[in-house]
Amino acid sequence: MKPRVPSGRPTQLRVVERIARPNSTWSDLYARLLETSWGGLLLGLFSIYLFGNLAFATLYWVDPGGIEHARAGHFGDAFFFSVQTMATIGYGAMSPISAWSNALVTCEAFIGLMGFALATGLVFAKLSRPRANLLFAKHAVITNWDGVPHLMIRAANARTTEIADAHAHASALTTHVSQEGSRTRRWERLPLVVADNPLLWLSWQLMHRIDEGSPLHGWDPSSDPSMVILVSVSGVDAVYADSVQAQQVYRPADVVLGARFADMMNERADGVLEMDYRQLDRLVPDTDDPHQS
């Protein structure tokens, strides 16, 4: 049987569009900055730094004789004097001589010290935050194992270090209709055959047995496009000595029937095990149809 393989990567957890959500940007600014990509964060910090210097340069510029050895009315000199003041460089070529410029230097020096301290703390917090470098296969598969259909999801550790005491959880977001006809969305656990891994340093194939008690019993991906399958893996990273966690969401379009994962492991003639990450997403046709067992 030829496997039905949908295209594209698995969707991420944020599959809900929020409408009229209260704006909590400023009340939760720290978390939002940590979630921002490195490129976005550095661009934002540089934009604030540039805007701050332009603002103070404008204030210096309105007092043409307030900066010694600066050309009167020259905005470029005022800007670079602001850069030196904010960064507390102090080359000594230009200095404030009026009450206005001295007051501005006092304010800018304080703002610069606070700004650089906050930026340093933010960058350090983002850089030192432990992350699990786990790779998930593009698709989940439903195939027979020991004569029973199983949902299978494959994860692999992309680092050469280990994740100790790894735990995996799987859940399905389903639609439940009450006797009164009310519809509600709820998470239902998908018990895994093996949910604990004492040392995750290679790949891990997570399996959920689809029997009569499974929320996926009788489920067909093509008939219920609203279901969401969430898998998460957590453990202790050997380098950070701290907890790490990774998760992946699969929509029905990401679930493949009639296929199984190709083997990532290969033992060489000298006894060394090889793990080929190129095989992470590779599927091979299954000989049995899980819906016929």
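Position labels on residues start from 1 in each chain and follow its written sequence. Where totals are concerned, whole chains, interfaces and linings use all residues; where local detail is concerned, this predicted model gives features only for residues with pLDDT of at least 70, and gives and counts side-chain atom pairs only at 80 or more. The basis for the side-chain values is all heavy atoms of the structure; hydrogens and waters are excluded.

Trainee: Looking at this structure, how should I read the overall build of the protein?
Mentor: Only runs of H or I of at least four residues qualify as helices and only runs of E of at least two qualify as strands under DSSP, and these elements are numbered from the N terminus. Regarding its fold elements, the protein presents four helices and 16 strands. Here the protein, with 293 residues, has 35% of them falling under the buried criterion. Sequence-distant contacts, at least 24 apart, represent 67% of the contacts inside the protein between residues at least 6 apart. In this scheme, a residue with accessible area under 20% of its type's maximum is buried, one over 50% is exposed, and one in between is partly exposed, where area comes from a 1.4 Å probe on protein chains only. Working rule for contacts: check all heavy atoms of both residues, and any pair within 4.5 Å makes them a contact.

Trainee: Just checking my understanding: could you explain the pairing of strand 7 (residues 183–189) for this structure?
Mentor: Residues in a regular strand project their side chains so that they alternate between the two faces of the sheet. Sheet topology places strand 6 (residues 163–177) next to strand 7; seven bridges connect them, and they run antiparallel. Following the sheet pairing, Thr174 is matched in strand 7 by Arg186. Between the end of strand 6 and the start of strand 7, which pair antiparallel, lie five residues, with Gly181 showing a positive phi angle near 90°. Here, strands pair whenever DSSP counts at least two bridges between them.

Trainee: What's the story with unusual backbone geometry in this structure? I'm lost.
Mentor: What you tend to see is this: most non-glycine residues have negative phi, and most peptide bonds are trans. One non-glycine residue with positive phi stands out, namely His69, at about 70°. Here His69 shows up in the loop between strand 1 (67–68) and helix 3 (75–86). Residue classification places His69 among the exposed positions, given a relative accessible area of 62%. The phi dihedral of Asp146 falls on the positive side, at around 55°, and the residue is not glycine. Residue position: Asp146 is located in the loop between strand 4 (140–145) and strand 5 (148–157).

Trainee: Hey, could you run me through the pattern of salt bridges in this one?
Mentor: If charged atoms from side chains of opposite charge come close, those side chains can pair. In what follows, salt bridge is the name for a side-chain nitrogen of Lys or Arg lying within 4 Å of a carboxyl oxygen of Asp or Glu. Inspection of the entire model under this criterion finds seven salt bridges. Here Arg159 ties to Asp237 by a salt bridge, and the two come within 3.2 Å at their closest N and O atoms. Pair noted here: Arg159 is in the loop between strand 5 and strand 6 and Asp237 is in strand 10 (residues 228–237), with a separation of 78 residues, a long-range link. Residue classification places Asp237 among the buried residues on the basis of a relative accessible area of 2%. The partner of Arg186 in a salt bridge is Glu188, with the nearest N and O atoms 4.0 Å apart.

Trainee: Any chance you could explain the packing of helix 2 (residues 38–61) against helix 4 (residues 99–128) here in plain terms?
Mentor: Helix packing for two helices is described by the angle between their axes and how far apart those axes are. Interaxial angles span 0 to 180 degrees and are taken between N-to-C directions of axes, which are lines fitted to C-alpha atoms, for helices over the stretch in contact. Where helix 2 meets helix 4, the closest approach of the two axes is 11 Å, and the angle between their N-to-C directions is 175°. Relative to helix 4, the element helix 2 is oriented roughly antiparallel. Throughout, the ten residues Ala, Val, Leu, Ile, Met, Phe, Trp, Tyr, Cys and Pro are labelled nonpolar, Asp, Glu, Lys and Arg are labelled charged, and all others, Gly among them, are labelled polar. The class makeup of the residues in the contact of helix 2 with helix 4 is 17 nonpolar, two polar and two charged. Our angle categories are set so that under 35 degrees counts as roughly parallel, over 145 as roughly antiparallel, 65 to 115 as roughly perpendicular, and the remainder as oblique.

Trainee: I keep staring at the pairing of strand 6 and nothing clicks. Help me out?
Mentor: As defined by bridge partners, strand 6 adjoins strand 8 (residues 196–200) across four bridges and the pair is classed as antiparallel. Bridge pairing in strand 8 links His167 to Asp196. In the sheet, strand 6 pairs with strand 10 via nine bridges, with the strands oriented antiparallel. Across the sheet, Ala164 pairs through a bridge with Val236, a residue of strand 10.

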